[in-house]
Amino acid sequence: MRPAMSETAPRPPRVILEEEAGPARLDHGWEGGTEPASIPSAGFSTLSLLAIGLSALILGFAALAAGNYVAEQFARAAWLGWLTLLVALGGFGTIFWAILREFRALLLLREVDAARAAFARGDFTGAKAHVLSWAEPIPLAAPFLPALREAPDLPALRALLESGPLASLDGESRLIGRLAAVQGFAATAISPSPALDALVVGWRGLRLVRQVAALHGMRPGIAATASLLRRAAFDAATVAATEVATDTAVRAIVSNPLVGHVVGEAATGAVAARRLITLARATSSACRILPTN
Amino acid sequence: MTPDPFRLITDAASRTGEAALALAGRERLRLAVTGLSRAGKTVFLTSLVANLVAAGAGRRTLPALEATSGRLRAARTVPPGVEATPRFDAEAHLAALAADPPEWPARTEDLSTLSVLLTLRRRGIYGQVLPDREVTLDLLDYPGEWLLDLPMFAQDFAEWSDATLARLSTGIRAAPAAEFLAFARALPANAPAEDSLARRGHALYRAFLLDARDRLGLRFLQPGRFLNPGPSGDAPLLWFFPLPSAARESPLGELLARRHEAYLRDQRDRFLDPVFRRFDRQVVLVDVLGALHAGREAFEDTAEALSAISATLRYGRGWLDLLTGAGIARVAFAATKADHVPEVSRDSLASLLSDLVDAPRRRAEIAGASVSVHPVAAIRCTQEATAAHEGRVAPAVRGVLLENGRWATVDPGLVPARRPPESFWNAAYFEMPVFRPPALEAGGRAGVPHLGLDGLLSTLLGDAL
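The text that follows walks through the structure, step by step, so that each part is easy to find. Since the model is a prediction, treat every value here as computed from it, not as a measurement.

On to unusual backbone geometry, then. Residues and elements named next belong to chain B. Omega for the peptide link from Asp-100 to Pro-101 comes to 0°, which places this bond in the cis form. Looking at the secondary structure, you find Pro-101 in the loop between α3 (90–98) and β3 (112–120). The omega torsion across Gln-222 and Pro-223 is -10°, close enough to zero to call that bond cis. On the secondary structure map, Pro-223 appears in the loop between α7 (195–214) and α8 (224–227). Even without a glycine there, the phi angle at Lys-337 is positive, about 55°. Within the secondary structure, Lys-337 sits in the loop between β6 (330–335) and α13 (343–356). Take Lys-337: there are 28 C-beta atoms within 10 Å of it, and that puts it in the buried class.

This is the structure in structure tokens:
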């Protein structure tokens, strides 16, 4: 027999059952409380707004003026009107086609973002859909499509992506980067002035970004290239950070007086070449459907 | 445990290899989760893994752990390789807790291991240019009953029998052990090595152990595999029992001594070597509240069991420990189920635990290990509430009961800040109800609501991350 609870104890332990039924589980609001902190998007930047307004004015007024002009031409003669309409449609059509292409390239970048978010959420169906629509236009990913379609779960999908299309894409990107580095180095070696060096390397860098993006199934125009460059600079900070060490080492070697005497002006070219390789890696990392591990 | 020169050399060799890997940014950290049976080891490990993995995905599940605020880039469980030990299935445990109706993990029956790989950005400005570090955290789950076998390694059959029989004859143990004691004392000085005698004695002793664990809430019960035979089940080497000195020279006594020796050898190979041979950090989980509510003897029994276990472990960082990796550098004592008391009582709970584990704490401190005490709830099942008592409002906790799904407010009563005086025990024998786990997301991507787990990890692992 256990002794009974004492009446003199200050506050005996007690269980008080509640009469009214509550929810089946206690909810601490834990899921919402632990959400990763995110900085809300400020919407369009001032520069973007200015650019949108300016383009709307230029294109809108140009279209209106063209309309007026076509109407005037029709008043003069029917055949003249038709010819003017054809020219106007051709011109504006090409412009709109370019804009559309630009937006599609930007949308593809969004696809990459959406797939990354789906992977982070652990949403298998969403991730699979995004991965498949991302992989379809990429020639390098074609042999892996059947396996990707059959992936049973998220880790398998991730592993298939890493070992298949992403491994090939990373390899190709490195190759393109190396080629650009060699070309950049050669160009700086023969260029007559340092100012021209910067121009050549800058142009080669831009082309490199577009080449790597094309490899990942994108056809970036000016806006998409700018967006990619921004992502390559910020999103892939880790890639750049690890590259800083190599960069410093290259600089230390080529700026050594003895080595410098031998290689002469080519030293700056070597640093620039090294940077092109970094740029290729950063761009590849920005276009990657899975974040670089 | 006698030092074995061959073992020391192999330990030192593997330690050197690990030190080289650590220099290359790949460290291995062994965390021993120690706790008597029902202290909550399995739930603790499940919550630890879920919250680390969630923190690796950017969630703020462990805010007090500095590494998780920006430097932890990823945390994932290491995929299974060719290990012979079963894998600790954190996902399955979590799914069972999140299921409807929910289930707390059953009693652990066997060893299981799991490693979590943490990818961390390095500290400081140079850290930015060096590649990320990878820290592998080795975790292990095992039946808590087996832990009480550790003190047995320091005793031979005669010493163990004397100590056990002395304990059995006093206090609340005496009544349930009466039948076994009567049988053992009646054995003649020349008892034959008859199997039926050994089996009978073993059955009576085992029945006592089960009764003492399940009904009396006692923990200092040896040998552990009598209570929890593990996956290999019953085997002849288990058929022994403590024998009074009068019959120890008999053929039966010799048989029992041989079995006792074989049992220890088997436990060393099966349990001690894989678990307690080498580890760097230790967390000791103690269900202080359960022990407090089970009465004075159960409370003191828990203290004695913890002291006996810790006496067998090696703390500190001597040169030999550094070489063989045998010393424990940091120890954290955790008063589990801290969510069963209101916030105002949690400091008292920690302070009570600190008093309860005074002897092992001092031993560890003197040896140079850093020691801390925390109130922890690996899964928080209650919220703060108040309960009226004789017209006065007292702080309490509120949650859903597991058995019938009804909401209940529980006032756990006074939690003393140190070992309570005699008068306190008049109000003991309260069985804390089992709460339902809170609403959880089955995949565990958001981690698990907890209390103080981050603070504990910060003091235990913070320096290594």
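So, on to the pairing of β6(B). Residues and elements named next belong to chain B. Taken across its 6 residues, β6 has 6 buried, putting it largely inside the fold. Of the two faces of β6, the one carrying Arg-330, Ala-332 and Ala-334 and the one carrying Val-331, Phe-333 and Ala-335 are both buried. Pairing between strand β5 (residues 281–286) and β6: 6 bridges, direction parallel. When the sheet's bridge partners are listed, Arg-281 is paired in β6 with Arg-330. Looking at chain direction, β6 and strand β7 (residues 370–375) are connected through 6 bridges and run parallel.

So, on to helix α11 (residues 296–310) of chain B. All names here are of chain B. Across its 15 residues, α11 extends 21 Å between first and last C-alpha, which sits within 8% of the 21 Å expected from 1.5 Å per residue. For α11, the complete set of buried residues consists of Ala-298, Phe-299, Asp-301, Thr-302, Ala-303, Ala-305, Leu-306, Ala-308, Ile-309 and Ser-310. Elements in contact with the buried residues of α11: β5, α10 (288–293), α13 and α14 (358–366).

Let us look at the nonpolar core. All names here are of chain B. The biggest cluster of nonpolar side chains holds 128 residues, and the ones touching the most others in it are Val-286, Val-288, Ala-334, Leu-349 and Leu-353. The dominant element in this core, judged by the number of residues it contributes, is helix α2 (residues 41–56), at 10 residues. Summarising the domain contributions, this core has at least three residues from each of domain 1 (5–104 + 109–142 + 280–381 + 439–464) and domain 2 (147–271). Ignoring any residue separated from it by four or fewer positions in sequence, one finds Val-288 in contact with Ala-335, Leu-349, Leu-352, Leu-353 and Leu-356.

Reading the values: rules and limits
Residues numbered from 1 in each chain as written. Chains lettered and ligands numbered in written order. Predicted model: local features only at pLDDT ≥ 70, side-chain atom pairs only at ≥ 80, totals over all residues. Helix = DSSP H or I, 4+ residues; strand = E, 2+ residues; numbered from the N terminus. Buried ≥ 20, exposed ≤ 12 C-beta atoms within 10 Å, placed from the backbone. Pairing = 2+ DSSP bridges. Expected span 1.5 Å × (residues − 1). Contact = placed C-beta atoms within 7 Å. Core = buried A, V, L, I, M, F, W, Y, C linked by C-beta atoms within 7 Å. Domains from an automatic or database assignment.

Geometric values such as these leave the question of function open.
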